[in-house]
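Listed below are the residues making up each chain.
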Amino acid sequence: QVQLVESGGGLVQAGGSLRLSCVASGRTFSIYAMGWFRQAPGKEREFVAAITRSGGSTYYTDSVKGRFTISRDNAKNTVYLQLISLKPEDTAVYYCATAHTPRGTVILRSKRGYDYWGQGTQVTVSS
């Protein structure tokens, strides 16, 4: 079992910045990759970004490229998502998740590629 706790969400004006954190505990030794997803009201949960344990590979959805940066600190079992130039359409609950076996890039961009999920942190961007 892995437990994930997100933090760092909040209310910010358009153009502002936030830094989300996700701390993992439990079977962290088996983590292959960590990802961030988001879900806006009335919409499906969508992929945002992912990073492999080595940190050598990162993946982003097109709408956040150049604005969001994913990183990780393996010593702290923590993954971060730096959000800049926020837009109202970034408003959503942001979830982190872990994948525990090696998976390809297509699978890591899908919800089905992940084994454990956090409870989420709300990000609200006002116009």
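Quick summary incoming for the structure in this document.

Right, let's talk about the state of the cysteines for a bit. On inspection of all chains with the given rule, the structure shows 1 disulfide. In this model cysteine 22 forms its disulfide with cysteine 96; the gap between the sulfur atoms is 1.8 Å. Within this pair, whereas cysteine 22 is found in strand β3 (residues 18–26), its partner cysteine 96 is found in strand β9 (residues 92–99), the two being separated by 74 residues in sequence. Cysteine 96 shares its class with cysteine 22; the two are buried.

What follows covers the pattern of salt bridges. If you walk through the whole model with that rule in mind, you get 6 salt bridges. Notably, a salt bridge pairs arginine 38 with aspartate 90, separated by 2.9 Å at the nearest N-O pair. With arginine 38 in strand β4 (residues 33–39) and aspartate 90 in the loop between β8 (78–83) and β9, this pair connects stretches of sequence that are 52 residues apart. The shortest N-O distance in the salt bridge between arginine 67 and aspartate 90 comes to 2.7 Å. Note that arginine 67 is positioned in the loop between β6 (58–60) and β7 (68–73) and aspartate 90 in the loop between β8 and β9, a separation of 23 residues in sequence. Neither residue differs from the other here; arginine 67 and aspartate 90 are each classed as buried.

What counts, and at which threshold
Residues numbered from 1 in each chain as written. Predicted model: local features only at pLDDT ≥ 70, side-chain atom pairs only at ≥ 80, totals over all residues. Heavy atoms only, no water. Disulfide = S-S within 2.5 Å. Helix = DSSP H or I, 4+ residues; strand = E, 2+ residues; numbered from the N terminus. Buried < 20%, exposed > 50% of the residue type's maximum accessible area, 1.4 Å probe, protein only. Salt bridge = Lys/Arg side-chain N within 4 Å of Asp/Glu carboxyl O.

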